Amino acid sequence: MISLKNIHKYYDIGHNKLHVLKGINLEIEEGEMVAIMGSSGSGKSTLLNILGILDYADEGEYLLDGVKIEKDLSESKAADYRNKFLGFVFQSFNLISFKNAMENVALPLYYQKVKRSQRNSRAMEYLERVGLDDRADHMPNELSGGQKQRVAIARALVTHPKVILADEPTGALDSQTTYDVIKFLQKINNEGKTILIVTHEPEVAKQCKRVVHLKDGIIERDEFINQEVLV
Ligand code: ADP
Ligand code: MG
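Residues numbered from 1 in each chain as written. Chains lettered and ligands numbered in written order. Predicted model: local features only at pLDDT ≥ 70, side-chain atom pairs only at ≥ 80, totals over all residues.

Put simply, the test is: UniProt positions are given in the numbering used here, feature names are shortened, and annotations may be inferred rather than shown by experiment.
Per an unreviewed UniProt entry, the protein carries the name Putative ABC transport system ATP-binding protein and comes from Apibacter mensalis. As its UniProt record puts it under Sequence similarities (unreviewed entry), the protein is described as follows: "Belongs to the ABC transporter superfamily. Macrolide exporter (TC 3.A.1.122) family."

Written as structure tokens, this is what we have:
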């Protein structure tokens with residue numbers, strides 16, 4: 001599903017270049033649930049942004065479901081690939097504050113030019129899946145942190161993406177809510193969805209099937225673990 005070969009990324013800082021990713025090689029199969037672990041500044045978000053076609057590598061090759069992601073992709077083509085392949089979940093939820101839960105979930109379908117009646121029924125279906133169909137007309141500020149993240153996950157799933165990319169999805173949640181969110185991600189992974197979770201929390205990483213340890217822009221360790229399936 002994902003193939004990275006010798007990925008390098010530099011940031012320009014003044015007259016210098018900061019070498020952030022230093023030759024990343026990574027193969028992820030369909031249906032895997034992978035944690036990308038590492039301390040702050042190790043390059044986790046940079047890597048996830050490249051995977052999410054929100055940014056580009058300076059060197060190396062990225063194949064997403066067999067499609068070569070080129071550095072000089074037009075913004076409209078990049079948006080097409082994101083719409084077609086990817087669902088995003090962020091630490092800060094990134095819900096639209098003036099739209100209710102259902103409208104937030106329906107939004108990616110609008111960009112896919114799905115008809116309004118279908119958008120709303122599919123959004124409701126996914127709100128139901130995350131257990132929030134009774135909150136459909138609530139605004140984000142009327143929801144708890146865990147509920148907001150479940151709305152964000154419903155929004156990420158509504159377009160049937162092949163891969164879910166989550167950057168510190170539980171970073172703003174307490175431990176019980178973290179548990180609920182990870183349990184839900186495990187459930188959709190068990191239904192076959194490929195999931196990548198960036199985290200610095202060992203408790204979250206050990207709920208994944210595989211943990212990729214990033215240190216100073218290099219994969220230091222890549223381990224397959226006996227996933228602790230939450231019940
Ligand atoms: P992590 O998510 O693991 O905390 P990041 O990928 O966000 O790490 O950042 C890796 C390094 O790159 C850090 O030193 C950070 O300060 C730097 N960095 C991140 N984004 C930029 C940017 N847009 N411009 C310059 N430096 C950046
Ligand atoms: Mg980060």
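Moving on from the model shown.
Brief notes about the overall build of the protein
The condition that has to hold: Going along the chain from the N terminus, every DSSP run of H or I of four or more residues is numbered as a helix, and every run of E of two or more is numbered as a strand. Here the globule rule is a power law, 2.2 Å times the number of residues to the power 0.38, and the radius of gyration is based on C-alpha atoms. Residues with at least 20 neighbouring C-beta atoms inside 10 Å of their own are called buried, those with 12 or fewer are called exposed, and the rest are partly exposed, where every C-beta is derived from the backbone. A residue pair is marked as a contact if its C-beta atoms, positioned from the backbone, fall within 7 Å.
From N to C terminus, the protein includes seven helices and ten strands. Here the C-alpha atoms of the protein give a radius of gyration of 18 Å, agreeing with the 17 Å that 2.2 N^0.38 yields for 231 residues. In terms of its C-alpha atoms, the protein occupies a principal-axis envelope of roughly 50 × 40 × 35 Å. Taken across its 231 residues, the protein has 39% of its residues classed as buried. A separation of at least 24 residues holds for 67% of the contacts in the protein among residues at least 6 apart in sequence.

Considering the sheet that holds strand β3 (residues 33-37)
Here is the rule: Here a strand pair is declared whenever DSSP counts at least two bridges between the two strands. Only the contacting stretch of a helix is used when fitting its axis, a line to C-alpha atoms as for every element, and angles between N-to-C directions run 0 to 180 degrees.
Sheet architecture is open: six strands sit in the order β6-β7-β8-β3-β9-β10, paired in mixed fashion. One side of each edge strand has no neighbouring strand; the edge strands of this open sheet are β6 (86-90) and β10 (218-224). The mean angle between the axes of side-by-side strands here comes to 15°, regardless of whether they run parallel or antiparallel. Together, β6 and β7 (163-167) form the strand contacts of helix α5 (residues 145-157), whose direction differs from that of β6 by roughly 165°.

Overview of helix α1 (residues 44-51)
In an α-helix there are 3.6 residues to a turn, and that puts residues three or four apart on one side. Of all eight residues in α1, seven are buried, a share of seventy percent or more. Those residues of α1 that fall on the buried side of the exposure criterion are K44, S45, T46, L47, L48, I50 and L51. Directly after α1, the chain includes I53, whose backbone phi takes a positive value near 55°.

Focus on the site of ligand 1
Which entries qualify depends on this criterion: In this text, near has one meaning. A residue is near a molecule or strand if its C-beta atom, placed using the backbone, is within 6 Å of it. Residues were grouped as follows: Ala, Val, Leu, Ile, Met, Phe, Trp, Tyr, Cys and Pro as nonpolar; Asp, Glu, Lys and Arg as charged; and all remaining residues, including Gly, as polar.
Taken together, Y11, I13, L18, V20, G38, S40, G41, S42, G43, K44, S45 and T46 make up the full set of residues near ligand 1. Elements that contribute at least two residues to the shell around ligand 1 include exactly β1 (2-13), β2 (16-28) and α1. It is α1 that provides the largest number of residues to the shell around ligand 1, a total of three residues. Considered class by class, the residues forming the shell around ligand 1 number four nonpolar, seven polar and one charged.

Re the nonpolar core
For clarity, the threshold we go by: To count as a nonpolar core, a set of buried Ala, Val, Leu, Ile, Met, Phe, Trp, Tyr and Cys residues must be joined through C-beta atoms within 7 Å.
Residues A35, I36, V105, L127, A154, L165 and L196 are the most contacted members of the largest nonpolar core, which totals 58 residues. The leading source of residues in this core is α5, at six residues. Apart from residues no more than four positions distant in its own chain, I36 is found in contact with K44, L47, L48, L196, V198, V212 and L214.

Some thoughts on unusual backbone geometry
Of note, H160 is a non-glycine position whose phi angle comes to about 55°, a positive value. Within the fold, H160 resides in the loop between α5 and β7. Accessibility expressed as a C-beta count within 10 Å gives 9 for H160, which makes it exposed. Phi is positive for E168, which is not a glycine, with a value near 50°.

Points about the pairing of strand β8 (residues 194-199)
The element β8 is extensively covered by neighbouring structure, given that six of its six residues are classed as buried. Two strands pair when backbone bridges link them, and β3 and β8 are joined in this way by five bridges, in the parallel orientation. Among the inter-strand pairings, M37 is bridged to a residue of β8, identified as T199. Of the pairings in the sheet, the one linking β7 to β8 comprises five bridges and is parallel in character. Bridged to I164 within β8 is I195.

Side note on the sheet that holds strand β4 (residues 59-64)
Strand order in the open sheet formed by four strands is β2-β1-β4-β5, with antiparallel pairing between adjacent strands. Single-partner strands in this sheet number two, and they are β2 and β5 (67-68). Two elements, β1 and β2, share ten bridges in a ladder whose sense is antiparallel. Looking at β2, one finds that K9 is bridged to L21.

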